[in-house]
Amino acid sequence: MAIVAATFWNNDAADWIIAAGIAAGVAVGILVGRIVARMIIARIMSRRESGVLAFVRELLGKNTNIFALLVGIFFGSLVLDLPGEVDDVIRATMAVVLLVWIGVWGNVAISFWTRRRQQKEGVARQELGALMALRFIARLALWTMLALVALQNVGVEVTALVAGLGISGIAIALAAQSILADLFASFAILFDKPFVVGDFIIVDEYLGSVEHVGIKTTRLQSLSGEQIVFSNSDLLGSRIRNYKLMRERRIVFAFGVVYETSYEKLEAVPGMVREIVEARDNVRLDRVHFKEYGDFSLNFEVVYYVLSPDYTVYMDAQQAINLAIFRRFEEEGIIFAYPTQTLYVNRQEPQSTPLPAEAR
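Note that the structure is predicted; figures quoted are calculated from it, not measured.

### Regarding the pairing of strand S3 (residues 200–203)
Taken together, the four bridges between S3 and strand S4 (residues 206–213) define a ladder with antiparallel strand orientation. Paired with valine 203 across the bridge in S4 is tyrosine 206. Connecting S3 to the next strand, S4, in antiparallel fashion are two residues, including aspartate 204 with a positive phi near 55°. As defined by bridge partners, S3 adjoins strand S7 (residues 240–242) across three bridges and the pair is classed as antiparallel. Along S7, the bridge assignment pairs isoleucine 202 with arginine 241.

Now the structure itself:
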């Protein structure tokens, strides 16, 4: 009875027993709820996949024993009449614990998102640098914010600290603005995907296949063999032509015949060319026209589409069309024009001039 009647910090043994019971009940409830929730999620996911449930399962997979114990102690302390200093310490400790646990869960969320994006979008190994840099920045921002909130809760004045960090951040940003520009440009490439590793692109007069997208630079393997390195910010500021995304290729070519070609043959040329182009596989003809009178030729223009982005398929089709036109014109006696000049000379017989009388 003496033990029961004893008091500690203005609370008797019965109050402490009740507080301990509440603390134990809350802690056990959290742990049991975690186990049950994981079992339910596992049963549901055995029947169908769910990104949300996979995320919740990963959150619950973190060790919650210490967290459950501290939460239980906090709720148990609510029934006690504790000194103000002790109560403040418990509340501040609980706030810090909650912030730390928010950070842990936020870290899990960031990792889960980056991993799912890598799997869903098929991020190439060469592009992982930008994704990992983004994950690092997100984690740094999360923990920095939580640390400032935690310091505020324990009574530290963070206004001057935030101001100092802001001034330092501005100085660092000014000193490293080109690096930061390239870094954010790499994020734009990662998310907007104007090209990916393996695409064949042309940037101004440079062309090649993308072989690496990094945090600061993007590298192309040119057709002549050398490596071309662009800074990411310069690359996004340029006009990029991506041939990997081409579905079909539009082809325009012209040829000319000599002015001596008869009207009947000239009129038949578009039909001949139309038959030749339409006979090819993977080709769709657009038009054939007698376009203009040139300096030394009667010019025709042909437009057609190759139904494949492959450059070799285009060249094979163009070669076959050229050979077929050459053979057909040879059979029909139509002559291709080439740069010539015709010089017309008007020759007249010299007139005799009568001799003067003195010479006769």
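### Thoughts on the sheet that holds strand S8 (residues 249–257)
Sheet strands pair via backbone hydrogen bonds, and the direction of the pair is either parallel or antiparallel. On the basis of which strands lie adjacent, the open sheet formed by three strands has the order S8-S10-S9 and antiparallel pairing. Edge positions in the sheet fall to S8 and strand S9 (283–293), since each of these pairs with one other strand and no more. The average undirected angle you get between the axes of adjacent strands in this sheet is 20°. Contacting S8, S9 and strand S10 (298–306), helix H10 (residues 263–278) crosses the sheet at an angle of about 160° to S9. Across the sheet, helix H11 (residues 311–332) lies against S8, S9 and S10, angled at about 25° from S8, the strand it touches most.

### So, a nonpolar patch on the surface
Together, Ile18, Phe75, Leu78 and Val79 make up an exposed nonpolar region whose accessible area comes to about 350 Å². Among the secondary structure elements, leucine 78 is positioned in the loop between helix H4 (65–77) and helix H5 (84–121). You can call leucine 78 partly exposed: its relative accessible area is 44%.

Analysis parameters
Residues numbered from 1 in each chain as written. Predicted model: local features only at pLDDT ≥ 70, side-chain atom pairs only at ≥ 80, totals over all residues. Heavy atoms only, no water. Pairing = 2+ DSSP bridges. Helix = DSSP H or I, 4+ residues; strand = E, 2+ residues; numbered from the N terminus. Axes fitted to C-alpha atoms, helices over the stretch in contact; angles between N-to-C directions. Contact = heavy atoms within 4.5 Å. Patch = residues over 30% accessible without salt bridge, like charges linked within 9 Å, V, L, I, M, F, W, Y side chains within 5 Å. Areas by Shrake-Rupley, 256 points an atom, 1.4 Å probe, with all protein chains shown as cover. Salt bridge = Lys/Arg side-chain N within 4 Å of Asp/Glu carboxyl O. Buried < 20%, exposed > 50% of the residue type's maximum accessible area, 1.4 Å probe, protein only.

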